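Descriptive structure summary
Take a look at the letters that make up each chain.
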Amino acid sequence: MSTTLGQTRSDASLKHPSELPLSWIGQNPDNPREALRDLEPLTTSIREIGLVNAITVASVEAYVQERPSRAAEIAPDARYIVVDGHRRLEAARRASLPRVRVSVDDALVSTDRSLLEAAFVANVHRDDMNPLEQAYALKKLVEFYGSQNKAAKRLGIAQSTISSKLSVLELGPELQADLLAGRRKVVHVRNLSRLSPQQQKQRADARAAATESRAAERHHAAGPAGPLAAIPRQRTMMTMPWADGVACAEIAISRMRPAERARMLRRLWQEAEKEARAARLVSPRRA
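Residues numbered from 1 in each chain as written. Predicted model: local features only at pLDDT ≥ 70, side-chain atom pairs only at ≥ 80, totals over all residues. Heavy atoms only, no water.

**Thoughts on the sheet that holds strand S2 (residues 25–26)**
What counts, and what does not: One requirement defines pairing of two strands: DSSP has to find at least two bridges between them. Every helix listed is a DSSP run of H or I at least four residues long, and every strand listed is a run of E at least two residues long, numbered separately from the N terminus. Residue contacts are counted whenever heavy atoms from the two residues lie within 4.5 Å of one another. Each axis is a line fitted through C-alpha atoms, taken for helices only over the stretch in contact, and angles between the N-to-C directions span 0 to 180 degrees.
Strand order in the open sheet formed by five strands is S1-S5-S3-S4-S2, with mixed pairing between adjacent strands. In this open sheet, the two edge strands, each paired with only one partner strand, are strand S1 (19–21) and S2. Where S2 lies against strand S4 (residues 80–84), two bridges are found, and the strand directions are parallel. Along S4, the bridge assignment pairs glycine 26 with isoleucine 81. Packed on one face of the sheet, helix H4 (residues 86–94) meets S2, strand S3 (55–59), S4 and strand S5 (99–104) and runs near 125° to S4.

**Overview of H4**
Given 3.6 residues per turn, any residue in an α-helix points the same way as the ones three and four places further on. Worth spelling out the cut-off: Here's how the labels work: a residue is buried when its accessible area is under 20% of the maximum for its type, exposed when over 50%, partly exposed in between, all with a 1.4 Å probe on protein chains only.
Every buried residue belonging to H4 is among His86, Arg87, Arg88, Leu89, Ala91 and Ala92, and all of these are buried. As for H4, its buried residues are in contact with S2, helix H2 (40–49), S3, S4 and S5. Following H4 by one or two positions, serine 96 has its phi on the positive side, about 65°.

**Focus on the nonpolar core**
So the rule is basically this: Remark: nonpolar core denotes a set of buried residues (Ala, Val, Leu, Ile, Met, Phe, Trp, Tyr, Cys) joined through side-chain atoms within 4.5 Å.
Within the largest apolar cluster, 19 residues are counted, with the highest numbers of intra-cluster contacts made by Ile162, Leu166, Val168, Leu171 and Val189. Taken together, the elements giving at least two residues each to this core come down to helix H6 (131–145), helix H7 (148–155), helix H8 (159–166) and helix H9 (173–181). No other element matches the six residues that H6 contributes to this core. For valine 168, the contacting residues outside a window of four places in its chain are Pro131, Leu132, Ala135, Gln176, Leu179 and Arg190.

**Some words on the pairing of S5**
Because side chains alternate across S5, one face comprises the buried residues Val100, Val102 and Val104, and the other comprises Arg99, Arg101 and Ser103, none of which is buried. As judged from the three bridges shared by S1 and S5, these two strands associate in the antiparallel manner. Residue glutamate 19 lies in a different strand from S5, and its bridge partner there is arginine 101.

**Structural notes on the pattern of salt bridges**
Definition in use: Criterion for a salt bridge: a side-chain nitrogen of Lys or Arg within 4 Å of a carboxyl oxygen of Asp or Glu.
One pass over the structure, following the stated rule, counts eight salt bridges. For arginine 183, the salt bridge identified is with aspartate 178, shortest N-O distance 2.8 Å. The salt bridge partner of aspartate 205 is lysine 201, with a shortest N-O separation of 3.3 Å. Here aspartate 205 pairs with lysine 201, and both are found in helix H11 (residues 197–222), just four residues apart, close to one helical turn.

**Some remarks on the confidence of the model for the protein chain**
The line we're drawing: Here pLDDT means the predictor's own confidence in every residue, given as a number from 0 to 100.
Averaged over all residues, the pLDDT of the protein chain is 76; the fraction at 70 or higher stands at 71%. Element-level mean pLDDT values for the protein chain span from 41 in helix H1 (residues 2–15) up to 92 in S2. Per-residue pLDDT stays below 50 along residues 1–14; that stretch engages in one contact with residues further than four places along the chain or on separate chains.

**Description of unusual backbone geometry**
A positive phi angle, near 65°, is found at serine 96, a position not held by glycine. Here serine 96 shows up in the loop between H4 and S5. Among the residues examined, serine 96 registers a relative accessible area of 60% and is labelled exposed. Unusually for a residue other than glycine, asparagine 191 sits at a positive phi of about 60°. The residue asparagine 191 is located in the loop between helix H10 (186–189) and H11 in this model.

**Brief notes about the side chain of threonine 56**
Position of threonine 56 relative to the elements: it lies in strand S3. Among the residues examined, threonine 56 registers a relative accessible area of 18% and is labelled buried.

Printed below as a string of structure tokens:
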């Protein structure tokens, strides 16, 4: 009886190990990340205190069983592939750890859908995954499901959120480069895919200027914060996007005080009334 129990425990530990040699774990060919950035702090932490959170892996056998054509993309010596923990795995390699804690879950690679969903959940909400990588991960899911609506229902997020995130893939090269370099914020460049690259830049500049103006208003309303508050601030010169009337209006409205904004709205309403009256006078009377 004891021999049978011992064999059972041994078999279970081989099938679901809690630790694996680093050399046995290969990268996932379906990983949505393009690059693993800023690994030095994580490497230092792992070197000093070890790997706190286990890496989620699946066996190469389970992965290849569903995707035999992808076998050549896996490292020859790998027995497992990482599903969640690509950065931790690479940092552990750099820290020269011989083994790492793992959680084995072959169900995550049992179908393409489960693998894509696992990659999305593991990566897309992480702060260190840039907006373009998030968009590419979502794009794979949308292509798999066949539509944004189906993907939204499966993931439990709004279809408009998916559309907004995917829109960064349609930005011009300059804006994409600015986004990756941190010179632009996602909120300023989303949903501009229908515009030309020049119009995208103008609208993004207008949004950034409006955000800066609102922040300045809040700071001004809060009052002086110290001796430096008495020093006059230099205003940043901004080129107005005159070719884009909506963008110009956004900048103007954002820089108005409430009373000024109210006067402008009244003036616009008066002008609209004049135009409506004039249109009624020149239109032919009904019989």
